[in-house]
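One letter stands for each residue in the lines below.
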Amino acid sequence: MYQTIRYEKNGNIGIATINRPEALNALNSAVVSDLEQAISEVEKDAELGALIITGEGRSFCAGFNLNDLALDPPEDMGRIQRDFYIMQRMCSDQIINMRRCEQPIIGALKGFAVGGGLSISCACDMRVLGESYKMNAGYLSIGYTGTDMGGSFFLPKIVGYARACEILMNPARFDAQKLYEWGFANRVVADDDVLETAVAMAEEMCRETAPFGLRLTKEALQCSLDGTSFENCIKMENRNQVLASNTNDG
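Residues numbered from 1 in each chain as written. Predicted model: local features only at pLDDT ≥ 70, side-chain atom pairs only at ≥ 80, totals over all residues. Heavy atoms only, no water.

## Description of the sheet that holds strand β8 (residues 174-175)
At step 1: Pairing within the open sheet is mixed, and its 3 strands lie in the order β5-β7-β8. For this open sheet the edge positions go to β5 (112-114) and β8, each flanked by a neighbour on one side alone.
At step 2: Bridge count for β5 against strand β7 (residues 134-136) is 3 bridges, and the pairing is parallel. Counterpart to Ala-113 in the pairing with β7 is Met-135.
At step 3: Most of the contacts of helix α3 (residues 116-123) go to β5, to which it runs at about 100°, and overall it touches β5 and β7. (Pairing = 2+ DSSP bridges. Helix = DSSP H or I, 4+ residues; strand = E, 2+ residues; numbered from the N terminus. Contact = heavy atoms within 4.5 Å. Axes fitted to C-alpha atoms, helices over the stretch in contact; angles between N-to-C directions.)

## Some remarks on the layout of surface pockets
At step 1: As a volume, the largest pocket reaches approximately 390 Å³.
At step 2: Looking at the lining of the largest pocket, the elements with two or more residues in it are β6 (126-130), α4 (151-159) and α8 (211-225).
At step 3: Per-element accounting of the lining of the largest pocket gives the leading share, 7 residues, to α8.
At step 4: When the residues that make up the lining of the largest pocket are grouped by side-chain class, the tally is 12 nonpolar, 5 polar and 4 charged.
At step 5: Taken as a whole, the second largest pocket holds about 220 Å³ of empty space.
At step 6: Looking at the second largest pocket, the residues that line it are Ile-96, Arg-99, Arg-100, Cys-101, Glu-102, Phe-212, Arg-215, Leu-216, Lys-218, Glu-219, Gln-222 and Cys-223.
At step 7: Counting residues per element, the lining of the second largest pocket draws most heavily on α8, at 7 residues.
At step 8: Split by residue class, the lining of the second largest pocket holds 5 nonpolar, 1 polar and 6 charged. (1 Å grid on protein atoms, 1.4 Å probe; cavity = no way out; pocket = protein on both sides within 12 Å on 5 of 7 lines; lining within 4 Å. Points joined across faces, edges and corners; volume = space filled by probe spheres on them. Nonpolar A, V, L, I, M, F, W, Y, C, P; charged D, E, K, R; others polar.)

## Quick word on the packing of aromatic side chains
At step 1: For the structure shown, the criterion picks out 3 aromatic pairs.
At step 2: Summarising the aromatic geometry, the rings of Tyr-139 and Tyr-144 are spaced 5.8 Å apart at their centres and angled 25° between planes, so their arrangement reads as stacked.
At step 3: The class for Tyr-144 is partly exposed, based on a relative accessible area of 40%.
At step 4: Between Phe-174 and Trp-182, the aromatic rings sit 5.9 Å apart at their centres with planes inclined by 45°, giving tilted as the arrangement.
At step 5: Overall, the relative accessible area of 7% leaves Phe-174 in the buried class.
At step 6: Taking the relative accessible area as the measure of exposure, Trp-182 reaches 11% and is therefore buried.
At step 7: Directly above the aromatic system of Phe-184 lies the positively charged group of Arg-127, at a separation of 4.5 Å from the ring centroid.
At step 8: Positioned above the aromatic ring of Phe-153, the side-chain terminus of Lys-157 is 3.9 Å from the ring centre. (Phe/Tyr/Trp six-rings, centres within 6.5 Å; stacked < 30°, edge-to-face > 60°. Buried < 20%, exposed > 50% of the residue type's maximum accessible area, 1.4 Å probe, protein only. Lys NZ or Arg CZ within 6 Å of the ring centre and 35° of its normal.)

## A word on the nonpolar core
At step 1: Grouped together as the largest cluster of nonpolar side chains are 49 residues, with contacts concentrated most on Met-98, Tyr-133, Ile-167 and Phe-184.
At step 2: Here the element with the most residues in this core is helix α1 (residues 29-43); it accounts for 6 residues.
At step 3: In this structure Met-98 touches Ile-39, Ile-53, Ile-105, Ile-120, Ala-123, Cys-124 and Lys-218, once residues within four positions along its chain are discounted.
At step 4: One finds Val-189, Val-199, Cys-206 and Leu-214 within the second-largest nonpolar core, a separate group that totals 17 residues. (Core = buried A, V, L, I, M, F, W, Y, C linked by side-chain atoms within 4.5 Å.)

## Points about the environment of Val-188
At step 1: Tracing the backbone shows Val-188 in strand β9 (residues 187-189).
At step 2: Sequence separation of Val-188 and Ala-176 is 12 residues, and the distance between their C-alpha atoms is 6.7 Å.
At step 3: Residues contacting Val-188, with those up to four places away along its chain left out, are Leu-129, Glu-131, Ala-176 and Tyr-180.

Laid out in structure tokens, this is it:
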């Protein structure tokens, strides 16, 4: 069903693993397409309480495979259209899909998270980092910008504006312990324990909660990130609480 990822269910938890270890799980159009399909499958599963995203091998995601940009564009479009539609917009749509995903997403992350890997890490709702995790805005080193795929939206809200500037305006690598101290991670564990810890977090979260209730909780929290007014947050909470109280679980 998928070419570049593995998707499996562990009870009421979904696990999507980017499976290109030979390329450090670098993104390409196939990876993005597979992730989009997996998230769509997750959203339609009413019993699924949470999704974990991780990477196979020693890297979470080394960003977009820039070698693809050296290839000639398709005959029906120029290079700019190819770069926009096939690279930039397709990759950014993945972050939009993650945010729209109704279930909470936990990143089980180790090794390199460069460029797009940084952005996917930021788009997770919670993060478990392996001790080897290193994140950087790698595009800066090749003349691109440090803001890509929603990083400028999420990161200041996670670690604060000044620290986000330090990360996104500097191609240096930031390690797991520093990022944990800055509030980016929920846990830092040994690499071998990353997925197990993320699964345990998801199981604890889902054990005595209703999937619909978790979805409505994420909806309200994500809405607050947009700078929605206090009164609108209260209105959404009121609406969601009444909805949840009238479900079978409620």
